[in-house]
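# Examining the three-dimensional arrangement
Each chain, letter by letter, is given below.
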There are 2 protein chains.
Amino acid sequence: MRLSGKLRKESARDYALRVLKENIISLELKPGTPISENELAAELGISRTPVREAIIDLARANVIETYPQKGSFISKIDPKMVEEARFLRQITDTAVTLEACGTIEGERLREIEENVALQEFYLDKGMTDRIFELDNRFHKLIYIAVGKELIHEIHSTLMIHFDRVRNISVETVKDFKVVNDHRAILEAIKAGDKEKAAELVDKHLHRYKFDEAVIRSQRPEYFKQ
Amino acid sequence: MRLSGKLRKESARDYALRVLKENIISLELKPGTPISENELAAELGISRTPVREAIIDLARANVIETYPQKGSFISKIDPKMVEEARFLRQITDTAVTLEACGTIEGERLREIEENVALQEFYLDKGMTDRIFELDNRFHKLIYIAVGKELIHEIHSTLMIHFDRVRNISVETVKDFKVVNDHRAILEAIKAGDKEKAAELVDKHLHRYKFDEAVIRSQRPEYFKQ
DNA sequence: ATATGAATACTTGTATACAAGTATGCAAGC
DNA sequence: GCTTGCATACTTGTATACAAGTATTCATAT
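Predicted, not measured: the structure shown is a model, and the values here were computed from it. (Residues numbered from 1 in each chain as written. Chains lettered and ligands numbered in written order. Predicted model: local features only at pLDDT ≥ 70, side-chain atom pairs only at ≥ 80, totals over all residues. Heavy atoms only, no water.)

### Description of the domain arrangement of chain A
Residue and element names in this part refer to chain A. Per the domain assignment, the segments of chain A are domain 1 (12–74) and domain 2 (79–222). Taken over C-alpha atoms, the centre of domain 1 sits 26 Å from the centre of domain 2. Contacts between domain 1 and domain 2 engage 13 residues on the former and 12 residues on the latter. Interface area, domain 1 with domain 2, both sides summed: about 1200 Å², of which 66% is carbon and sulfur. For the domain 1 face of the interface with domain 2, the top three residues by lost area are Ile25, Leu27 and Pro31, together amounting to 45%. Seen at the junction of domain 1 and domain 2, the total is zero salt bridges. (Domains from an automatic or database assignment. Contact = heavy atoms within 4.5 Å. Buried area = accessible area lost by both parts, 1.4 Å probe. Salt bridge = Lys/Arg side-chain N within 4 Å of Asp/Glu carboxyl O.)

As structure tokens, this is what we get:
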């Protein structure tokens, strides 16, 4: 597992949660991998308690599966979970984007513009690693701009199902049309064109749907069924 | 606080979580009330650990606010949280109901029919206590019927913001038009009338929006601002 | 060779101990 | 009366101890 150091003023629980999320999404922790509370605590240099609390958080969204007295495991990719996450993201992103149309301005708008500009910059330079982070940040900024940050927070753990598949997609098919999508969505928001924005969000999220068949054939051991 | 006994095969954590949820929604634990992990553990006859784990779960959705080394408190009613919960419920209920239109049948449909019949029965008898439970169950059944149970589960804690206000509404305005709403929604689903269903869901959830001004004037001490 | 069973080394769930920060009350001093 | 400061009794965060269940391994008996 990949360990980044514990940040100052970050609690042990937040540290464990952050490291777990990073490694699950990046597939450093492969689907099906057993997770021992004791072992992870030792690796992170903290005690079982905060590690356990982080695992409980992930287990609530079925990202980790815990079987009492048997063990905990990184959940294998379950197409039903991925679809639930995609479905939820579809409807909330659409609704939030509609609210954003014509209402975002000032500093909030500037942040989003900067974000998209950076995506285009890194895409141009071929530094695609940065784009994932910027992608997530792009969508989060829209949620914040329309005052729906709690919804974004509540959904974040569930979206690991989705993000993980997205990461495999990139490992395998290398598709960066998403940057163009983001640009187009931003322009639609600025223009206040709700119909166009909704259509773009819909198209944007359906990109990840197609990849599943490809991934499954390449990494069948990652899948539940 | 109201204590129901610990169920057989229910873990201590689930017990604490269930009792806390019940008492927060019913307003037995009033907004602003301090919650001590030690005290609650003693009341429930379990140790701090599972109590703490339950509190963490509720704190994640801002239902409880924890200040390290100071204390934890039942969150006061925050109109922004209530609106986020209502907004989320609006869009997911609508999307799920649209999927349900014309696709639910057999045992699944029968369960929902029975649920609505019971609501009408208890409304008629004036046993309105039962209706809250049936109300929640009605909506959950629809989520299950279209295979979106994880979304329902993930949202359940956040909906406490909404359910709590709904409960005050009933204490104060006694409005049971919701039963008629449920009947109408069910009929629209059976008829496969998506337009009608979406309109009904929209109207249904907006009922609770109006009550806020009334509640605020009656129970200002429950509100954050 | 095969089946049986006990020892062992794990697992998570729960309880408890300790650490460190905070609010409160009260007494002392001015 | 008012302020200061310390003792005290809380709080949550973290670490550790104990309980109970499970899988494995290896020796023994058939």
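### Regarding helix H3 (residues 48–60) of chain A
In an α-helix, one turn spans 3.6 residues; hence positions three or four apart end up facing the same way. Residues and elements named next belong to chain A. Relative to the 18 Å expected for 13 residues at 1.5 Å per residue, H3 spans 18 Å between its end C-alpha atoms, a close match to the ideal helical length. Residues of H3 that are buried include every one of Pro50, Val51, Glu53, Ala54, Ile55, Ile56, Asp57 and Leu58, and no others. After H3 finishes, the residue Asn62 shows a positive phi value of roughly 60°. (Helix = DSSP H or I, 4+ residues; strand = E, 2+ residues; numbered from the N terminus. Expected span 1.5 Å × (residues − 1). Buried < 20%, exposed > 50% of the residue type's maximum accessible area, 1.4 Å probe, protein only.)

### Focus: the relation of the copies chain A and chain B
By a simple turn and slide, chain A fits onto chain B: the slide is 0.0 Å along the axis, the RMSD is 0.0 Å, and the turn is 180°. Such a combination of rotation and displacement between the chain copies is what one expects of a two-fold axis. In this assembly, 100% of the residues forming the interface of chain A have copies in chain B that are likewise at the interface, indicating an isologous arrangement. (Least-squares fit on C-alpha atoms with pLDDT ≥ 70 in both.)

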